[in-house]
Amino acid sequence: MTESTDSTVLEPPEVSARAQPRSLYVETYGCQMNKADSELIVGLLAREGYRVTDRVDRADVILVNTCAIRENAEQRVIGRMSELSRFKTANPGLILGLCGCMSQHLGDRIIDKAPYIDLVAGPDSYRRLPAMLRTLSTEDEPALDLTWDRAEHYLDIDPVREAGVNGWITIMRGCDKMCTFCIVPFVRGRERSTPHGEVIRQIEHLAAEGYREVTLLGQTVNKYRDGGVDFADLLSRAAEIDGIERIRFTSPHPAHFPDRLIEVMAASPKICPHTHLPLQSGASTTLSRMRRDYTPESFLDVVRRLRENIPRIALTTDIIVGFCGETEEEFEATCEMMRAVRFDSAFMFKYSPRPGTASHRRLADDVPEEVKARRLTDIIDMQKSISDARNQAYRGRTVQVLVEGRSRRDADKLFGKTDTFKTVVFPAQGEIVSNAVVPVRVNGSTPFTLFGDVVAA
Ligand code: 5AD
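Residues numbered from 1 in each chain as written. Predicted model: local features only at pLDDT ≥ 70, side-chain atom pairs only at ≥ 80, totals over all residues. Heavy atoms only, no water.

### Points about the side chain of Lys417
Short version of the rule: Segments assigned H or I by DSSP are reported as helices when at least four residues long, segments assigned E as strands when at least two residues long, and all are numbered from the N terminus. What makes two residues a contact is simply this: any of their non-hydrogen atoms within 4.5 Å.
Examined against the element boundaries, Lys417 turns out to sit in strand β18 (residues 413–417). Setting aside its immediate chain neighbours within four residues, Lys417 contacts Arg246, Arg248, Gln400, Val401, Leu402, Glu404, Lys422 and Thr423.

### Considering the nonpolar core
Heads up, the condition is: For our purposes a nonpolar core is just a set of buried Ala, Val, Leu, Ile, Met, Phe, Trp, Tyr and Cys residues, chained together by side-chain atoms within 4.5 Å. Between buried and exposed lies partly exposed: a residue is buried under 20% and exposed over 50% of the maximum accessible area for its type, with that area taken using a 1.4 Å probe on protein chains only.
Judged by nonpolar contacts, the single largest core of 55 residues is most densely connected at Ile171, Leu216, Leu235, Met265 and Leu306. Ignoring anything within four residues of it in the chain, the contact list for Met265 reads Leu235, Phe249, Phe257, Ile271, Thr275, Leu306, Ile310 and Ile313. Of all hydrophobic cores here, the second largest spans 26 residues; its members include Tyr29, Ile62, Ala73 and Met81.

### Quick word on the environment of Glu152
Here Glu152 shows up in the loop between β6 (143–145) and β7 (166–170). In the structure, Glu152 is positioned 26 residues away from Tyr126 in sequence and 9.7 Å away in space, judged by C-alpha atoms. Discounting chain neighbours no more than four positions away, the residues touching Glu152 are Asp124, Arg127, Arg173 and Arg192.

### Considerations on the sheet that holds strand β15 (residues 314–321)
Under the convention used in this document: Two strands are counted as paired when DSSP detects at least two bridges linking them. Under this scheme, a helix contributes an axis fitted over its contacting stretch, all axes are lines through C-alpha atoms, and angles between N-to-C directions fall in the 0 to 180 degree range.
With parallel pairing, three strands are arranged side by side in an open sheet as β14-β15-β16. Of all the strands in the sheet, just β14 (274–276) and β16 (345–350) have a single pairing partner and so form its edges. Along the sheet, successive strands turn relative to each other by an average axial angle of 10 degrees, direction set aside. Inspection of the sheet shows β14 paired to β15 by three bridges, in the parallel sense. Residue pairing across strands places His276 opposite Thr316, the latter belonging to β15.

### Examining the packing of helix α9 (residues 231–238) against helix α10 (residues 259–267)
The following threshold applies: If an angle is under 35 degrees, it is roughly parallel; if it is over 145, roughly antiparallel; if it lies from 65 to 115, roughly perpendicular; otherwise it is oblique. The crossing is said to be left-handed when, going from far helix to near helix, the turn is anticlockwise and less than a right angle, and right-handed when the turn is clockwise. In this classification, Asp, Glu, Lys and Arg are treated as charged, Ala, Val, Leu, Ile, Met, Phe, Trp, Tyr, Cys and Pro as nonpolar, and every other residue, Gly included, as polar.
Across the interface, α9 lies against α10 with an axial gap of 9 Å and an inter-helix angle of 10 degrees. In terms of axis orientation, α9 runs roughly parallel to α10. In the crossing of α9 with α10, the sense of the turn from one axis to the other is left-handed. Only Arg260, Leu261, Val264 and Met265 of α10 make contact with α9, whose side of the interface consists of Phe231, Ala232, Asp233, Leu235 and Ser236. When grouped by side-chain class, the residues that make up the contact of α9 with α10 number six nonpolar, one polar and two charged.

### Examining the site of the ligand
Worth spelling out the cut-off: Near is defined per residue: the residue qualifies when any heavy atom it owns lies within 4 Å of the molecule or strand. Polar contact criterion, stated in full: a pair of N or O atoms within 3.5 Å, where within protein one must be able to donate a hydrogen and the other to accept it, and residues adjacent in sequence count only if both atoms are side-chain atoms. Per-residue accessibility takes into account occlusion by the displayed protein chains alone, with areas from the Shrake-Rupley method and a 1.4 Å probe.
Around the ligand, the structure places Ile69, Arg70, Phe181, Gln280, Asp318, Ile320, Phe349, Lys350, Tyr351, Ser352 and Arg354. Within the contact set of the ligand, an oxygen atom lies 2.8 Å away from a side-chain nitrogen or oxygen of Arg70. The contact in question runs from an oxygen atom of the ligand to an N or O atom on the side chain of Gln280, over 2.6 Å. Coverage of the ligand by the protein amounts to 87% of the 410 Å² it exposes when considered alone. Those elements that provide at least two residues to the shell around the ligand are β15 and β16. In terms of residue class, the shell around the ligand is built from five nonpolar, two polar and four charged.

Set out below in structure tokens:
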């Protein structure tokens, strides 16, 4: 969320702004969950009288909401914090804060590394941000809060969302899966589901605000459970809400796809035919070292059931290469699996050991960097040609596009998404505005984008 939803930019703060900070700039790194958390932070501080600015040089408070998933994500943020600290020269009252997963991961060590940071708050501490900011206005010591709170759902706080077509709703926080490579359980704590009544209330609220699409968020979103209400129940209740036309969710875990969930997905045209299904590896041995709770066979079975029941479904994934001890055969098994499934697209990563995780403690990061790099290039190339072929299959078809806005590359063009999560770019025409659903006939494609023209409905 680097852009403001608020058009009112406040006047530059006076030098003594620390006594009465009002203007807030939030910058977000990482996943959709972090974006949703930033909206929550803005919601919380808006109640306290803060106003969002998109001018970082005019902010009284800069909060950077961070990601700890891979080491390079952390390095980037540390570089950025140092860059942002330069605004303190012109505005000595400026408060610079680090929020989110990196805060929880690095704890107070970050203050030693980067003494210009005034505030450090973990994902369960946002409710105390106003109090921390107040303390900072009278004290010089950095404010730190990394408390875990299993009961924290941020229920009574309405997120302030970026104007757009899609609203995020966090339906679960934390993760209990303990995949050996993953830092998430250590920075986001134990898994807990938001009460279903609150989820429904938030979806209704979004519909009333004019949103046509919602995305339900959770680290293992399909493990959602609130008493007798499981994820399939929640989806079918969500699909009954008028005004919302597209329902997405991310990220499900491949080990939690009962037939009933697939039936609910297939039965409602509002539930988008797209599933992000993180594979990580195609080798059973690697999957078990990763503690992923599924085998290549059971993963393929989920793919088969999804495709049989929802023939148009698009599947995307995450892959890690060079995990501890990954042999050439194991890597080949991943390639084989990617060729077998033919995902629509994939996020692909080199394994990055994260201090605190089981793989960092117990397994050697023994795949040489050049081997990791070569494997990554190999799968990126392979996936690119698969994505290319998949997108080419859209040529000649008419797709329904939910318009998001003007193309960044060409202001005469609009862009939006299909229900299968493909980005479509097409020439702007007449009165078409963001948030409209328009039929577009696809006449061109790359591995990443579809191109076309609006046709009569
Ligand atoms: N190294 C590399 N990639 C990782 N991911 C999670 N942890 C690591 C790690 N230590 C990837 C996984 C996950 C995605 C969000 O990030 O593929 O699905």
